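So the chains spell out like this:
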Amino acid sequence: MDDAQVVIGPVNLAAKVDEALAVQAVAFGLDQDEVAVRRHIVLRHLMSPGACAYGATSEGRLVGFVYGMPNDRTHWWSTVVEPYLRATGTADWLDDSFVITELHVHPAFQGRGVGRELITTITDAAAESRSILSAIDTESPARGLYRALGYGDLARQVHFPSAARPYAVMGAPLPLLRRN
């Protein structure tokens, strides 16, 4: 399985939501109750104007996915992070930004550039001049990838009502950096 070819392309995430959430559950350690809640959230997000998704498939199955949308200050995520960004003088990042809502790669396919290709593919298609996202506020391979792509911390120790751990909000100008 580790040597199998991975193909990145647009995906109808609404049609593959259960397959995508199975990847997220393994990658992020979610239980079935959390998956059920996230299913409704993903389907609602996909109805937002400009929402799009890309998948990574190997041997006919989804092994990673990313989705996002142009930021809307009235969306729940923006209303939660805005006070933190205002406190750091970076609230303007909520304007003209493409939000990476979720990015997950099955652990068997991590460390192979799949996440990098997913996020650069979706942001290359964005009309906005920059991208924002939130990630658990700890040193991790994901945060290292985001930094390598040009994302910097806009706010740290951001607390979402339903999350046990604090997050960091990160932003990057588009297009994202590429390896030299």
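Residues numbered from 1 in each chain as written. Predicted model: local features only at pLDDT ≥ 70, side-chain atom pairs only at ≥ 80, totals over all residues. Heavy atoms only, no water.

Across its full length, the chain holds five helices and seven strands. Listing the helices and strands of the chain from first to last along the sequence gives β-α-α-β-β-α-β-α-β-α-β-β. Here the chain has a C-alpha radius of gyration of 15 Å; the compact-globule value for 180 residues is 16 Å, and the two agree. With respect to the three principal axes, the spread of C-alpha positions in the chain is 45 × 45 × 30 Å. Burial status across the chain gives 47% buried among its 180 residues. Within the chain, counting contacts between residues at least 6 apart in sequence, those at least 24 apart form 67% of the total. As displayed, the chain offers around 9000 Å² of accessible surface, 53% of which is attributable to carbon and sulfur atoms. Side chains of the chain give 16 positive and 20 negative charges; the mean places of these two sets differ by 3 Å. (Helix = DSSP H or I, 4+ residues; strand = E, 2+ residues; numbered from the N terminus. Rg over C-alpha atoms; globule rule 2.2 N^0.38 Å. Buried < 20%, exposed > 50% of the residue type's maximum accessible area, 1.4 Å probe, protein only. Contact = heavy atoms within 4.5 Å. Areas by Shrake-Rupley, 256 points an atom, 1.4 Å probe, with all protein chains shown as cover. Lys, Arg positive; Asp, Glu negative; His and termini not counted. Charge placed at Lys NZ, Arg CZ, Asp CG, Glu CD.)

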